[in-house]
Amino acid sequence: MAGWRTHQGQAIALPLENVDTDQLIPARFMSIPRSAGYGDHLLHDLRRGPDGAQNPQFPLNRWPGASVLIARRNFGCGSSREAAVYALVDAGFQVVIAPSFGDIFAGNSVNNGLLPAQVDEERVETLIAAAPAEVTVDLAAGTVTLGEQTVAFALTEAARTKLINGWDDIDLTRAEAEAIAAFRNRRLGAHPWAWPRAQG
Amino acid sequence: MKHPKTLLDKLWTAHEIRRRADGASLLWVDRHLVHEGSHHGFAKLAARGLRVAEPDLTFAVVDHYAPVRDRSHIADPDIARMIRTLEDNAAAHGLRLFGLRDPAQGIVHVLGPEQGLTLPGLLMVCGDSHTSTHGALGALAFGIGATEVAHVLATQTVWQVKPRSMRITVEGRLAPGVSAKDIALNWISRLGTDGARGHAVEYAGRTIRDLTVEGRLTLCNLSIEGGARFGMVAPDAVVMDYLQDRPYAPVGAERDRALEDWGRLITDADAVFDREARFDAADIAPTVTWGTSPEQALPIGATLPDPDRLPAGKAGAARAALDYMGLSPGRPIAGTPVDQVFLGSCTNARIEDLRMAAAVLAGRRARVPGLVSPGSALVRAQAEQEGLDRVFTEAGLEWAQAGCSLCVGMNGETVAPGKRCASSTNRNFRGRQGRGARTHLMSPMMVAAAAVTGELTDARDLLKGRM
Ligand code: SF4
């Protein structure tokens, strides 16, 4: 995963709250391998009628080149399916702005280079009113600039460093192999019951 | 004097290998549960040519795509492939697989506690948001995404920033006909689906201590619907008894040592939580959802909200939800006709859930069709021993096998567009049970009552003289 510091692109509004992961990608698409691309399935049932035809008024269909999505509270609540993030990333999104995010969704986003930018509810409303618009997102400064407005977003330090560095956790953790092995052996010695009883 | 600690503090410290300057902790994972949906994680592992680090701590379960009717032949090639991929990955890495034909097969969050894989004091992860369920036994358990699944497979560890702590205290006695599901829907409707976001919830108080392990599992299961990735209850004698003689649980001298360790897993008297919420059991009535988010829930005696009278922030979402659900504002919730019922899922398909539903259904006929899918093959066997299966089938409901089934609609079972389902599951999201499906979440007793009358009904009326 490549790290990044700033992003410029078009922001569009999806003025809904509780956009859950079942809406972001319905379960029936989850058996597809990632290599097939998930972008087309993003918000599938909201974007398309029962006959599969796209609703031209839906923001994603009206502005297909957008890379920043602005939504209302509790975006990405629901399941742990990382496919919800794959769908956003494969559809070209790099930033989602909302007053709050599902915890697991936010973690999954950061693991895929997608920024979950948490912005005050009031500010989000002003951004929604101003969209669609060109925006600049500065990860290190923690700001989103849209026209005249610059607003701050919240992000944990751990998420920020990871997005900027494009860290791959498995590589980082494998460097800790000795500490992990020592911990394991200490735990096994002190709490042997923590290992599942062998089945005879 | 030592600094008083919460249960969360104790569990976290016991698993922390180290903490980075940016606040992320590297945590040791005692149990990793995988299912068909973990295929992305295995694919990431294979792409790097890595092996599962601790196959003895990794358990594979077929549940999300498991057929619950005929298992002899799976017609849909995608479903067959999802199950085969898990079987292949389990075989390739030497993992214990609870496959379709295993006598202990079941939904991962039912199977874990039942097998004694879930224990107090363990750190458990699974690529599924309802992993919070296992906290009911005093474990630190949370759902993870596919990148994290690959990481756990490769290293048996996970990076996490410690959540804030929150205590939900419930005092008093639940009335007959009211159960753990109602406690959960009640607090989520009051605090919102992001009410506990960023927090680990510890449930405490008399009402919680009076719950069986099954009830606690239901409550912790639903924590994620209130935004909390973690839910937990301090383990007590009820849990210790429950774990006796479970296949993977410790025995003999190891059990003695375990009991000693588990006894310390309580929040110290003066420990301070980042947040506290209190509820009185006497205020909790059988609760049902009316909308498309678990927070859109009300007591069965209430009337549907009128969006015109809601604050501006809530009105739009309520209007859209009522529209999707095909409901009119201001009408009583009770009496809403349903097309079908579903009794199942990791929330409410344990033996106690089936018993409660059967108490309502015994000697009665269902007016609408419905599926009863026990949480595991062992629950199914137990229910048959108790004759519960006959109560369901004599009522006209279908007695199926164990799996996620209609909770998520991955195994081919779905609710048809526009149809209304009274469901013991945990998510009423748009399209969760199938595109256009209308889901009302409620307890097993309420599902049974809806089956009997063909409409949303107060189960207490049908339980008179029975409980
Ligand atoms: S029963 Fe439903 S909520 Fe539980 S693990 Fe299966 S799909 Fe997830």
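Values in this document were obtained by computation on a predicted structure and should not be read as measured data.

### What to know about the overall build of chain B
Tallying secondary structure elements over chain B gives 16 helices and 19 strands in all. Viewed in the frame of its principal axes, chain B has a C-alpha envelope of about 60 × 55 × 45 Å. A burial count over chain B gives 66% of its 467 residues as buried. A fraction of 76% describes how many contacts in chain B between residues 6 or more apart in sequence connect residues 24 or more apart. For chain B, the computed accessible surface area is about 15,700 Å², with 49% contributed by carbon and sulfur atoms.

### Notes on the nonpolar core
Buried together is how nonpolar side chains tend to be arranged in soluble globular proteins. The biggest cluster of nonpolar side chains holds 185 residues, and the ones touching the most others in it are A:Phe75, A:Leu88 and B:Phe392. Those residues in contact with A:Phe75 that lie beyond four places of it in its chain are A:Leu14, A:Val19, A:Leu24, A:Leu69, A:Leu88, A:Val96, A:Ala98, A:Ser100, A:Phe101, A:Gly102 and A:Phe105.

### Notes on the packing of helix H2 (residues 39-47) of chain B against helix H3 (residues 77-93) of chain B
Residue and element names in this part refer to chain B. At a closest axis distance of 10 Å, the pairing of H2 and H3 adopts a crossing angle of 45°. On the basis of their axis angle, the class for H2 and H3 is oblique. Both H2 and H3 take part in a crossing whose hand is left-handed. Judged by residue contacts, His39, Phe42 and Leu45 of H2 engage Met82, Thr85, Leu86, Asn89 and His93 from H3.

### A short note on the pattern of salt bridges
Any two side chains of opposite charge can pair if their charged atoms end up close together. This model, assessed by the stated rule, comprises 39 salt bridges over all chains. Between B:Asp102 and B:Arg96 there is a salt bridge, with the nearest N and O atoms lying 2.9 Å from each other. Overall, B:Arg96 belongs to the partly exposed group, its relative accessible area being 30%. Here the residues in one salt-bridge network are A:Glu17, A:Arg73, B:Asp194, B:Glu295 and B:Lys314, joined through shared partners.

### Focus on the domain arrangement of chain B
For an interface, size is often stated in terms of accessible area lost upon the parts coming together. All names here are of chain B. According to the domain assignment, chain B contains domain 1 (7-162), domain 2 (164-235 + 267-283) and domain 3 (287-463). Of note, the centres of domain 1 and domain 3, computed from C-alpha atoms alone, are 28 Å apart. Counting residues at the interface gives 22 residues for domain 1 and 23 residues for domain 3. Around 2,000 Å² of area is buried between domain 1 and domain 3 when both sides are counted, 56% of it from carbon and sulfur atoms. By the criterion of area lost to domain 3, the three top residues of domain 1 are Val68, Arg69 and Ile107, representing 34% of everything that side buries. Scanning the region where domain 1 abuts domain 3 turns up two salt bridges.

### Structural notes on the interface of chain B and chain A
Taken together, the contacts link 77 residues of chain B with 62 residues of chain A. A salt bridge links B:Lys44 to A:Glu82, with the nearest nitrogen and oxygen atoms 4.0 Å apart. Our count for the contact surface shared by chain B and chain A stands at 42 residue pairs in polar contact (both at pLDDT 80 or more). Looking at the side of chain B that touches chain A element by element, the count peaks at seven residues for helix H5 (residues 146-155) of chain B.

### Brief notes about the state of the cysteines
The full count for this structure, using the stated rule, is zero disulfides over all chains. Sulfur of A:Cys77: no disulfide; nearest cysteine sulfur belongs to B:Cys407 and is 15 Å away. On the basis of relative accessibility, which here comes to 9%, the residue A:Cys77 falls in the buried class. Looking at the unpaired B:Cys421, the closest cysteine sulfur is the one in B:Cys407, lying at 11 Å. Here B:Cys421 falls in the buried class, since its relative accessible area comes to 0%.

### Regarding the site of the ligand
All names here are of chain B. Close to the ligand lie His64, His109, Asp128, His130, Ser345, Cys346, Cys404, Cys407, Val408, Asn426 and Arg432. One can see that the ligand is located within the largest cavity. Of the residues that constitute the shell around the ligand, the class distribution is four nonpolar, five polar and two charged. Each of domain 1 (7-162) and domain 3 (287-463) accounts for three or more of the residues forming the shell around the ligand.

### Here's the deal with the sheet that holds strand S7 (residues 149-152) of chain A
Residues and elements named next belong to chain A. Judged by pairing direction, the sheet is mixed, and its seven strands sit side by side in the order S4-S3-S2-S1-S5-S6-S7 without closing on themselves. Because the sheet does not close on itself, it has two edges, and the strands there are strand S4 (115-118) and S7. In this sheet, neighbouring strand axes are inclined to one another by 30° on average, regardless of whether the strands run parallel or antiparallel. Along the sheet face, helix H6 (residues 121-130) touches strand S1 (6-14), strand S2 (68-71), strand S3 (95-98), strand S5 (133-138), strand S6 (143-146) and S7 and points at about 145° away from the line of S7.

### A closer look at the layout of surface pockets
When its volume is computed, the largest pocket comes out at roughly 890 Å³. What lines the largest pocket is a set of 32 residues, and nearest its centre among them are A:Asp103, A:Ala106, A:Gly107, A:Thr156 and B:Val161. Taken together, the elements giving at least two residues each to the lining of the largest pocket come down to helix H5 (103-110), S4 and helix H7 (157-165) of chain A together with strand S8 (157-161) of chain B. Of the residues that constitute the lining of the largest pocket, the class distribution is 14 nonpolar, nine polar and nine charged. Both domains that furnish three or more residues to the lining of the largest pocket are identified here as domain 1 (7-162) and domain 2 (164-235 + 267-283) of chain B. Taken as a whole, the second largest pocket spans an internal volume of roughly 530 Å³. Of all the secondary-structure elements, those providing two or more residues to the lining of the second largest pocket are H6 of chain A together with helix H11 (312-325) of chain B. With seven residues, H11(B) is the single largest residue contributor to the lining of the second largest pocket.

### Some thoughts on H7(A)
Listed as buried for H7(A) are A:Ala158, A:Ala159, A:Arg160, A:Lys162, A:Leu163 and A:Ile164. Contact partners of the buried residues in H7(A): H5, S4 and helix H8 (169-174) of chain A together with strand S2 (24-28) and S8 of chain B. A:Gly166 lies just past H7(A) and shows a positive phi near 60°.

### A few points about the pairing of strand S15 (residues 340-343) of chain B
All names here are of chain B. Burial of S15 is two-sided: the residues Gln340 and Phe342 facing one way and the residues Val341 and Leu343 facing the other way are all buried. Where S15 meets strand S18 (residues 420-423), three bridges bridge the pair, whose relative direction is parallel. Residue pairing in the sheet places phenylalanine 342 in a bridge with serine 423 of S18. Where S15 lies against strand S16 (residues 370-372), three bridges are found, and the strand directions are parallel. Bridged to phenylalanine 342 within S16 is leucine 371. Once you follow S15 into helix H12 (residues 351-361) and on to S16, the crossover reads as right-handed.

### Notes on the sheet that holds strand S12 (residues 275-280) of chain B
All names here are of chain B. Taking strand neighbours across the sheet as the criterion, the four strands line up as S11-S10-S9-S12 in an open arrangement whose pairing is parallel. What marks the edges here is a single partner per strand, and that holds for strand S11 (230-232) and S12. Strand after strand, the sheet turns through a mean of 20° between neighbouring axes, direction not considered. Here strand S10 (residues 199-204) runs beside S11; their pairing, made up of three bridges, is parallel. Within the sheet, the bridge partner assigned to valine 201 lies in S11 and is glycine 231. Each of strand S9 (164-171), S10 and S11 is contacted by helix H1 (residues 7-15), which is oriented at about 115° to S11, the strand it contacts most.

Rules and cut-offs
- Sequence order as written defines residue numbering, which begins from 1 separately in each chain.
- As a convention, the first chain written is A and the first ligand written is 1, with the rest following in written order.
- Predicted model: local features are reported for residues with pLDDT of at least 70 only, side-chain atom pairs are reported and counted for 80 or more only, and whole-chain, interface and lining totals are derived from all residues.
- Processing note: side-chain calculations cover all non-hydrogen atoms of the structure and skip hydrogens and water entirely.
- Strands are runs of DSSP state E lasting at least two residues, helices are runs of H or I lasting at least four, and both sets are numbered from the N terminus onward.
- With a 1.4 Å probe rolled over the protein chains alone, any residue whose accessible area is under 20% of its type maximum counts as buried; one over 50% counts as exposed, and the rest are partly exposed.
- Note on contacts: a residue pair qualifies if any of its non-hydrogen atoms lie within 4.5 Å across the two residues.
- Reported accessibility uses the Shrake-Rupley method at a 1.4 Å probe radius. Residues are deemed covered only where the shown protein chains occlude them.
- Throughout this description, the term nonpolar core refers to a set of buried Ala, Val, Leu, Ile, Met, Phe, Trp, Tyr and Cys residues connected via side-chain atoms within 4.5 Å.
- Helix axes are fitted to C-alpha atoms over the stretch in contact, other axes to C-alpha atoms as well, and angles between N-to-C directions run from 0 to 180 degrees.
- Angles are sorted into four bins: roughly parallel if under 35 degrees, roughly antiparallel if over 145, roughly perpendicular if 65 to 115, and oblique for all others.
- Two helices cross in a left-handed way if the nearer one is turned anticlockwise from the farther one by less than a right angle. They cross in a right-handed way if the turn is clockwise.
- Take a side-chain nitrogen of Lys or Arg and a carboxyl oxygen of Asp or Glu: if they are within 4 Å of each other, that pair is a salt bridge.
- Domain borders in the structure are assigned automatically or taken from a domain database.
- What counts as buried area is the accessible surface, traced by a 1.4 Å probe, that two parts surrender upon association, with contributions from both included.
- Each polar contact in these results corresponds to two N or O atoms within 3.5 Å; when the atoms are within protein, one needs to be able to donate a hydrogen and the other to accept it, and residues that are neighboring in sequence are counted only if both atoms are side-chain atoms.
- For the purposes of this analysis, a disulfide is any pair of cysteine sulfur atoms at a distance within 2.5 Å.
- We call a residue near a molecule or strand when any one of its heavy atoms sits within 4 Å of it.
- Note on definitions: the grid is 1 Å and covers protein atoms alone; a cavity is a set of points where a 1.4 Å probe fits but cannot get out; a pocket is an open set with protein on both sides within 12 Å along at least five of seven lines; lining residues have an atom within 4 Å of a point.
- Put plainly, a molecule is in a cavity or pocket when over half of its atoms are within 2 Å of the grid points there.
- Residues were grouped as follows: Ala, Val, Leu, Ile, Met, Phe, Trp, Tyr, Cys and Pro as nonpolar; Asp, Glu, Lys and Arg as charged; and all remaining residues, including Gly, as polar.
- Two strands pair if DSSP finds at least two bridges between them.
- Grid points are joined across faces, edges and corners, and a volume is the space filled by probe spheres set on the points.
- Place the viewer so that the strands point away; then a crossover is right-handed whenever the path from the first strand over the helix to the second strand goes clockwise.

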